[in-house]
Every structure is written in C-alpha cells, then in structure tokens.
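Summary of the model geometry
Chain residues, written in single-letter form:
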Amino acid sequence: MIGLISATAAGAAARDRLAAAWPGRTRVYEGPVGRSVELAFAECDQLVCFLATGAVVRLISPLLAGKSADPGVVCVDEGQRYAVSLLGGHGGGANELAARVADVLGCAPVVTTATDAADVPGLDTLGWPVEGAVASVTRAVLDGEPVALRADAVWPLPPLPGNVGADGDAILRVTDRIVEPRAREAVLRPPSLVVGVGASKDAPLDEVLGVVEETLRHAGLSALSVAALATVDAKAQEPGIVGAAERLGVPLVTYAPEKLASITVPNPSSAPLAAVGTPSVAEAAALAEGGELLVPKRKSRGCPAGRAAMATCAVVRRAPRGRLAVVGLGPGARDLLTPRATQELRRASVLVGLDQYVDQIRDLLRPGTRIVESGLGAEEERARTAVAEARAGHAVALIGSGDAGVYAMASPALAEASGDIDVVGVPGVTAALAAAAILGAPLGHDHVSISLSDLHTPWEVIERRVRAAAEGDIVVTFYNPRSRGRDWQLPKALSILAEHRDPGTPTGVVRNASRPDESSRVTTLAGLDPATVDMMTVVTVGNTATREVAGRMVTPRGYRWQS
C-alpha cells in the first residue's frame, strides 16, 4: 500500500491524481501532517509526501528503524516539478516509485542513489539475497577498483562494469554454499536449491522446518539459496509443510503422485507408496524438474521418545538457466519503444542484433553490456548466437524491428531454442500498426500481413495467400513490397487484388513510418505506381468497405448500428 500525505490544496489535487491513477493501491491520510506521516510510515510499504524534503526529513527521522525495514519515501514539491526519491531507494522501492509518480504527474524524477546515477545495477536490486560487505563492494564497483567475481556457475546477471572480473581485493561471490564473508566480500545467494519435503499427517511445523534447516546446515548450504519447497499434491495443505515454506519465504510446489513415481530415486520406500501413491516424496519432489541430488533423504531427529520421525527432506541443486529475451524495438521512433523493451535491454548482459538496430538503442545499454552485432543476411547466425549465449547461462536480449515475432528474429531463435533456457517475448509496435495509425484506420476490420519477399518463401505460396486474401475481402498490408532485384512481385499482387476489388479501392503507402523522414499518401488500387515503393515502405490495400474520409483510410468495423 502507498500512503499519500499532503498539506496544501495544490498537494491535495496532485495526491488525488495519484489515487485515481492507482485505484486500490493507495491510502489517503487526512488530518495533521505529522500524525499522518507517522501512521503511514507504520502502515504502508511506501509513502508519497507532497511536502518539502526538509519537512519530511524532520518528520521521519524519529521513525527510522533500518534500511531493511523502512518504507520507501518520495517527496513531490508544491509546483509538481520533481518527484524526489528520499528514503529506501532500492530496498523500499523509492527510486522506481519516483519514476512512476513522475509518469503520472508529468514531473522529473530525482534519484541520487550512487549506483543509479552511475547506471550500475545495485547488488540489492537483483532480486537475490545478499550478505557481507555490500556497501564496501558496491563502492569498489563504482570507483572502478578491480573487483573479483567468484561464481560457482554462470548465472543470468545484468551487465557489470569492466572492473568486475577475475582479480581484485574486493570480492563479489555468487554461491549457495555457506561461507564467512571476508572484510571486503559480498555474497549473492542464487536461487539454486530445491528442498523436497515429506511429512506425516499433522507433522509439527518445528519438526518440518527443523529437518530442512539442519539438513542444509549439515551440507554446508545456505537457506537463502532455497528457491522452493516441493512435495506431493496430497500434502499441499499440510500445515507443517505450508508453514515451513512461509517461514523460509519460498513458494511451495507440488506434483502428482504419478509424476513422482516415475522418477528414479536412491531411497524408495513402501510407506509413502501406500499413503500417497508414490515410493518417494522428498527425493522425487526435489528431482521433479531435474538437477543434482546433493543430499539424499534425511529424517527429522530429536523426536519425543517412542515416536517415529514425522518429516523427511532431500536437497537438489538445479543448474542455472540462461535467459533469452526476444525484444521488438518498434518501427524506429524512440517513443514507440515500450517500457518493457527498455527494461529488457538494460537487464541483458549480452545483446545480439543487426548493426543498424543496435545503433538505435546503444545509448540505452548499461556499461558492461557485451554487444554481438552483424549485418544484413545473418539472421540465422544471430539466432544461433543468441541461443548459445543463453545456454551458457547469460541474460541475452535478441533485438528486431517492429515486433520481433513478426517477420523478425523470434521465429529462427525459438526454432533453435529448446527447453533448457528461459525465453521471454517482448512485443513491439509493428510496421503495419505504425503505418495504419498514420493512414487513419485501415485495419478496422479483418486484416492480414503478407511479405512479398520470395527469398525464403516460394512465390507460388505467396501468390496463393494473396489470392485467398483477395477472395476473402480482407484488408492486406504488404511487407517487403519491392526492391531493385524484386520489381515484379508487387504489380502481380496488386493485379490479383484488382480481380476482386474496385480500381478506386483506397490504398495507403507509408515509407519509414515514425522516423524523421517519414512520408505517406493515400491513393487507389489503380493509381498506385509500384515504382514509388521500396523496401522501407509498407503498402496497405483496403477491402470493399474501406473508404477515404477527409484524406484518411477508414475500414468500418461492421457494427450493425453503423450505416
């Protein structure tokens, strides 16, 4: 919950704008400002104060409990010029909140956190627990001092500056093993461990949690690297298991007994087979998604005299999974690049793309991002490279124009990728949509996009598709309509459409949609001169209902109430 506090009419008006923009996520505090801040500080995860920063500093100073406990606090000035991240920039999410407040109110976010100012990912922003000398190592990273990276495996981390590498007095360690950090060592805990748990009915929480924690400690493994507890479906509501997951702060995942019974384990037993339908719960559940069995089944100890152990556990280490984000950059204009695409570009430690597309977004990349770029015609090579980098454990962004899944890089990359990496698709504004917005509303009813390039698709197939669209009276957008080496395909496609549509059918031509040298015109099917079209152009041909209205193409949706 986000607490909103204001002291003036102008502040209240801005406060109400935020409340309206974020329904159900805010709480407005009325009354004396000091008391409002005190209540919000205790009750909310974040605060937005429409007050001077000095006033807020004085009000919150007696309330500060610590970096891990305090909420994030953002201040907005009376003129709504700035949203200042004042407290809890990373841990409290104030930096991100300042940006979101700025988006709503149209002001400038002010973030003074050193890592954000230097465009370096903070160790406490990676989503993993971190221990040790976090401030000291972060300072070394920012100062350009050599920092040794010691990782047990390659994890899909965001890009780190060039001074983070093999040597250095400061150390950044990535491990799931219990280590005692040195004076200048920070330890990141990757989510590498899965603990399988079995338990008798009504097994006490302390016994279930105890066997998990004791097993991890005995094996030299950190509980902070536990990604999940796993068990059989029949134990999904078992209080001791549910409570242990909650105490550890991890999800509880469950599996059908048939799946667990199919997994080969070193210590099967007849007892769980009779009780829940599988000869193994702890070991099989831990191994259900693969991995290395580090600790075979262990039983709980310290039970009351005469009572058998009621809980078991086993520990598996899963190999890191690389991450491939397939990112659509849109048609070219920076303001048509989605925020999600920007996030993925900044998250990737490896960027793969066509050189001219890399140039479009090079300024958005974080320092340390490794760029793999190539020229036209190397699509399959780029796809293989991106997948290989992800398989090596990296966080990879593979970029394409428009939407990366439309005549772009997603198809070859996903055809190459298997289930051993995580794949994220980031949609983008396509050339057809950008052109349609310029032309008016030509895609108001059923429409289809067809590429006229026969470099990879036989012309017979393309012609069959054009003919089907013509016969079906579907609006058509032609991609790759004409090049110096392919000058007859567009006239042929237009002649096929002309067999089923009036010569006066509105036809739109847009070149370099959304770019500085954008040009567009609305003509007719008969009036279009193919010689004026090139590979930077998309051509949209309306259907029999499409009309030109005030110089714009409009295809009626076909609602019954429309005449």
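Model, not experiment: these values are computed from the prediction.

So, the overall build of the chain
Each helix and strand in the chain was counted, giving 18 helices and 29 strands. Overall size of the chain, expressed as C-alpha extent along the three principal axes, is 95 × 65 × 55 Å. Looking at the 563 residues of the chain, the share that counts as buried comes to 45%. Within the chain, contacts between residues at least 6 apart in sequence are counted, and of these 65% link residues at least 24 apart. For the chain, the accessible area works out to roughly 26,100 Å², and carbon and sulfur atoms hold 52% of it. Side-chain charges of the chain comprise 55 positive and 62 negative groups, with the mean position of each set lying 2 Å from the other.

What to know about the packing of aromatic side chains
The final tally for this structure, using the stated rule, is 3 aromatic pairs. Taking 5.5 Å as the distance between ring centres and 80 degrees as the angle between the ring planes, the aromatic pair formed by Trp-128 and Trp-155 counts as edge-to-face. One end of the pair, Trp-128, is in the loop between helix H5 (114–117) and strand S7 (130–132); the other, Trp-155, is in the loop between strand S8 (147–151) and strand S9 (164–165), with 27 residues separating them in the sequence. When the centroid spacing of 5.0 Å and the interplanar angle of 70 degrees are considered together, the rings of Trp-459 and Trp-488 count as edge-to-face. Of this pair, Trp-459 sits in helix H17 (residues 459–471) while Trp-488 is found in the loop between strand S24 (475–479) and helix H18 (489–498), placing the two residues 29 residues apart along the sequence. The positively charged end of Arg-100 is found above the aromatic ring belonging to Trp-22, 5.3 Å away from the centroid.

Comments concerning the sheet that holds strand S14 (residues 252–255)
Ordered in space as S14-S13-S12-S16-S15, the 5 strands form an open sheet in which the pairing is mixed. Looking at which strands have only one partner, the edges of the open sheet turn out to be S14 and strand S15 (292–299). The average undirected angle you get between the axes of adjacent strands in this sheet is 25 degrees. One ladder, built from 4 bridges, connects strand S13 (residues 226–232) with S14; its direction is parallel.

Brief notes about the pattern of salt bridges
Under the defined criterion, the tally for this structure stands at 27 salt bridges. Residues Asp-143 and Arg-139 are paired through a salt bridge, measuring 3.2 Å at the closest nitrogen-oxygen approach. By relative accessible area, Asp-143 is classed as exposed at 51%. On the basis of relative accessible area, Arg-139 is assigned to the partly exposed category, the value being 43%. Across the pair Arg-382 and Glu-379 runs a salt bridge whose closest N-O atoms are separated by 3.8 Å. Separated by 3 residues within a single helix, Arg-382 and Glu-379 lie in helix H14 (residues 379–391), roughly one turn from each other. It is possible to trace a salt-bridge network through shared partners that takes in Arg-15, Asp-16 and Glu-30.

Some thoughts on the nonpolar core
Ranked by size, the top nonpolar core spans 23 residues in total, and within it Val-195, Val-197, Val-208, Val-212, Leu-216 and Leu-229 carry the most contacts. For this core, the secondary structure elements donating two or more residues are strand S12 (193–199), helix H7 (205–218), S13, helix H8 (239–248) and strand S16 (311–317). In terms of residues, this core owes the most to one element, H7, which gives 5 residues.

Here we look at the environment of Ala-234
Along the chain, Ala-234 falls in the loop between S13 and H8. By relative accessible area, Ala-234 is classed as exposed at 57%. Separated by 21 residues in the primary sequence, Ala-234 and Tyr-255 place their C-alpha atoms 8.7 Å from one another.

Comments concerning the environment of Pro-481
Within the secondary structure, Pro-481 sits in the loop between S24 and H18. Judged by its relative accessible area of 0%, Pro-481 is buried. Separated by 280 residues in the primary sequence, Pro-481 and Lys-201 have C-alpha atoms spaced 68 Å apart. Setting aside residues no more than four positions away along its own chain, Pro-481 makes contact with Leu-452, Arg-486, Leu-490, Val-533, Asp-534, Thr-537 and Val-539.

Side note on the side chain of Asp-70
Within the element layout of this structure, Asp-70 appears in the loop between helix H3 (53–60) and strand S4 (72–76). Asp-70 gets classed as buried once you look at its relative accessible area, which sits at 11%. A distance of 2.8 Å separates a polar atom in the side chain of Asp-70 from the backbone nitrogen of Ala-65. In this structure, Asp-70 is in contact with Phe-41, Leu-63, Leu-64, Ala-65, Leu-87 and Gly-92, ignoring residues within four places of it in sequence.

Topic: H8
Residues of H8 that are buried: Gly-240, Ile-241, Gly-243, Ala-244, Ala-245 and Leu-248. Elements in contact with the buried residues of H8: S12, H7, S13 and S14. Following H8 by one or two positions, Gly-249 has its phi on the positive side, about 70 degrees.

Observations regarding unusual backbone geometry
Positive phi is not limited to glycine here, since Tyr-407 has a value of about 50 degrees. Following the sequence through the fold, Tyr-407 ends up in the loop between strand S20 (395–400) and helix H15 (410–416). One non-glycine residue, Asp-473, lies in positive phi territory at about 55 degrees. Following the sequence through the fold, Asp-473 ends up in the loop between H17 and S24.

A few points about the sheet that holds strand S18 (residues 350–354)
Overall, parallel pairing links the 5 strands, which are arranged S19-S18-S20-S17-S21 in an open sheet. The sheet terminates laterally at strand S19 (370–374) and strand S21 (422–426), the two strands that pair on one side only. Each adjacent strand pair in this sheet contributes to an overall mean axis angle of 15 degrees, direction not counted. Across 6 bridges, strand S17 (residues 323–328) lies against S20 in parallel orientation. In the strand pairing of S20, Val-326 is matched with Leu-398. The strands touched by helix H12 (residues 339–347) within the sheet are S17, S18, S20 and S21, with S17 carrying the most contacts at an inclination of about 140 degrees. H14 rests against S17, S18, S19 and S20 of the sheet, and its axis sits at about 175 degrees to S18.

Rules used in this analysis
- Residues numbered from 1 in each chain as written.
- Predicted model: local features only at pLDDT ≥ 70, side-chain atom pairs only at ≥ 80, totals over all residues.
- Heavy atoms only, no water.
- Helix = DSSP H or I, 4+ residues; strand = E, 2+ residues; numbered from the N terminus.
- Buried < 20%, exposed > 50% of the residue type's maximum accessible area, 1.4 Å probe, protein only.
- Contact = heavy atoms within 4.5 Å.
- Areas by Shrake-Rupley, 256 points an atom, 1.4 Å probe, with all protein chains shown as cover.
- Lys, Arg positive; Asp, Glu negative; His and termini not counted.
- Charge placed at Lys NZ, Arg CZ, Asp CG, Glu CD.
- Phe/Tyr/Trp six-rings, centres within 6.5 Å; stacked < 30°, edge-to-face > 60°.
- Lys NZ or Arg CZ within 6 Å of the ring centre and 35° of its normal.
- Pairing = 2+ DSSP bridges.
- Axes fitted to C-alpha atoms, helices over the stretch in contact; angles between N-to-C directions.
- Salt bridge = Lys/Arg side-chain N within 4 Å of Asp/Glu carboxyl O.
- Core = buried A, V, L, I, M, F, W, Y, C linked by side-chain atoms within 4.5 Å.
- Polar contact = N/O pair within 3.5 Å; in protein donor to acceptor, adjacent residues only side chain to side chain.

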